[in-house]
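Spelled out from the first residue to the last, the chains are:
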Amino acid sequence: MVEQSGVRARAATWRPGLAAGGGPLLWWPAGFADFARTAAQRLWGWALAEVAPGRLVPWLAIAFGLGTVLYFAADQEPSPWAAAGALAAASTAAIVARRRPVAFQLLLAIATMTAGFATGTFKRALIAHPVLQAATSNVGISGFIETRDERERSDRIVVRVSRIDGGRLETQELERVRLTVRRGTAPAVGSFIKLKARLTPPLEPLRPGGYDFGRDMYFQGIGASGFSLGAIDTIEAREPKGAWLAYASFLERIRKAIDQRIRAVLPGDVGSIASALITGLNDPISTPVTNAMIISSLVHVLSISGYHMAVIAGIVFFTVRALLALIPGFASRHPIKKWAAFAALIATTLYLLLSGSAVATQRSYIMTAARIKKAFVFGDFRFPSNG
């Protein structure tokens with residue numbers, strides 16, 4: 001076989017098997033086959049390690065999450081009875097096949113996915129409530145204030161409706177409405193108010209695939225939003241506020257007192273940021289500072305989460321343990337490390353309540369409490385490095 005290129009030529013022999021029509025048409029380097037064989041063996045070993053006893057448990061969380069994804073991807077709301085039946089059938093099948101290793105693992109994954117799907121269905125059924133479909137004005141509303149947020153130019157309240165009338169309402173059964181009022185005019189949490197308002201349906205996403213404000217409000221039990229018209233009257237309640245609202249108003253008074261004290265000593269955005277890290281009230285922070293923190297990717301610091309919980313728990317734990325260790329006879333006779341861990345748990349619980357119990361704070365509290373429990377059982381008190 002001769003190859004020519006310009007004035008230069010090169011001669012080579014045919015590879016064995018090609019001239020006779022045998023052998024592969026594509027030739028691979030000799031080391032590639034060994035590499036593929038080694039890679040296949042390594043992948044198979046990893047797969048066997050993943051299905052070893054106890055290694056499949058973390059995958060249950062993924063299966064549960066996949067079930068919730070399937071719920072949100074459904075074209076229409078599924079029936080709670082159908083979800084309950086599917087969950088019961090999948091769980092029964094997994095229990096029956098518990099002595100079959102492969103079948104049990106597959107059926108357990110299916111049952112966990114069904115549990116995630118059913119959880120979304122049950123949650124929707126529990127919080128189902130009417131939602132306003134068309135804007136209306138001059139609506140009379142009376143009810144208890146459940147939450148109050150102070151912002152730079154206005155206040156925002158959520159009212160648990162006791163009575164609503166007027167306007168062109170297609171439903172008189174709205175449970176909660178969120179209203180924007182003039183700054184400084186919102187009464188305290190737990191107050192029974194009466195006012196006139198203009199109501200609009202929950203805001204839809206501003207663009208396809210954008211944040212769904214309406215869905216967020218729906219899962220908070222809010223059926224409409226709007227703004228007040230005229231003065232807000234605080235009147236005597238016609239019904240008891242309930243234990244939960246009494247607790248919320250008591251906690252809100254404590255948070256407001258701490259917030260006002262901090263901002264009185266540290267005026268401006270410095271005090272607002274300091275208060276936000278303790279009470280979770282970040283609405284008073286000015287818009288320029290908030291935008292600067294967003295641009296610099298520092299706004300997550302204001303969200304009380306793992307770092308804040310770890311700092312509080314760590315300081316309380318080491319302080320209490322150090323103080324108890326100053327008494328040698330006492331420290332040698334009692335488990336001061338476990339007592340210090342218990343004190344850290346109490347401190348993080350109070351911090352959770354004081355900061356407003358946001359979702360990120362709840363997640364971090366659960367993780368911190370799990371680490372504190374580890375100190376009780378194994379004597380190891382270390383925190384994860386997540387924020």
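Everything discussed here concerns the structure shown above.
Quick caveat: nothing in here was measured; it's all calculated off a predicted structure.

Procedures and definitions
- Residues numbered from 1 in each chain as written.
- Predicted model: local features only at pLDDT ≥ 70, side-chain atom pairs only at ≥ 80, totals over all residues.
- Heavy atoms only, no water.
- Helix = DSSP H or I, 4+ residues; strand = E, 2+ residues; numbered from the N terminus.
- Buried < 20%, exposed > 50% of the residue type's maximum accessible area, 1.4 Å probe, protein only.
- Contact = heavy atoms within 4.5 Å.
- Areas by Shrake-Rupley, 256 points an atom, 1.4 Å probe, with all protein chains shown as cover.
- Pairing = 2+ DSSP bridges.
- Axes fitted to C-alpha atoms, helices over the stretch in contact; angles between N-to-C directions.
- Parallel < 35°, antiparallel > 145°, perpendicular 65-115°, else oblique.
- Left-handed = near helix turned anticlockwise from the far one by under 90°.

Topic: the overall build of the protein chain
For the protein chain, the helix and strand inventory stands at 12 helices and seven strands. Counting every position in the protein chain, which comprises 387 residues, the buried fraction comes to 29%. Of all intrachain contacts in the protein chain linking residues separated by at least 6 positions in sequence, the fraction that spans at least 24 positions is 68%. A total of about 24,500 Å² of accessible surface is found on the protein chain, and carbon and sulfur atoms cover 64% of it.

Some details on the side chain of Thr348
Looking at the element boundaries, Thr348 is found in helix 11 (residues 336-354). Every residue in contact with Thr348, bar those within four places of it in the chain, is listed here: Met309, Ile312, Ala313, Tyr365, Thr368 and Ile372.

Focus: the sheet that holds strand 6 (residues 192-200)
Strand-to-strand pairing in sheets goes through backbone hydrogen bonds, with the strands running parallel or antiparallel. With mixed pairing, five strands are arranged side by side around a closed barrel as 3-4-5-7-6. Mean inter-strand twist for the sheet, computed between neighbouring axes without regard to direction, equals 50 degrees. Seen against the sheet, helix 6 (residues 243-265) touches strand 3 (136-150) and strand 4 (154-166) and runs at an angle of roughly 65 degrees to strand 3.

Things to note about the environment of Leu195
With respect to the element layout, Leu195 can be found in strand 6. Through-space distance from the C-alpha of Leu195 to that of Val139 is 8.2 Å; in sequence the pair is 56 residues apart. Leu195 has contacts with Val139, Gly140, Ile141, Leu179, Ser228, Ala231 and Ile232, leaving out every residue within four places of it along the chain.

As for the pairing of strand 6
Two strands pair when backbone bridges link them, and strand 3 and strand 6 are joined in this way by seven bridges, in the antiparallel orientation. Bridging from a neighbouring strand, Gly140 pairs with Lys196 of strand 6. Two strands pair when backbone bridges link them, and strand 6 and strand 7 (residues 224-234) are joined in this way by seven bridges, in the antiparallel orientation. Across the sheet, Leu199 pairs through a bridge with Gly226, a residue of strand 7.

So, the packing of helix 2 (residues 57-72) against helix 4 (residues 101-127)
Put simply, helix 2 and helix 4 touch, their axes get as near as 7 Å, and they point 45 degrees apart. Between helix 2 and helix 4, the angle is such that the two are oblique. Two packed elements cross with a definite hand, and for helix 2 against helix 4 that hand is right-handed. For the pair helix 2 and helix 4, the contacting residues are Leu60, Ala63, Phe64, Leu66, Gly67, Thr68, Leu70 and Tyr71 in the first and Leu108, Ala109, Thr112, Met113, Ala115, Gly116, Phe117, Thr119, Gly120, Thr121 and Arg124 in the second.

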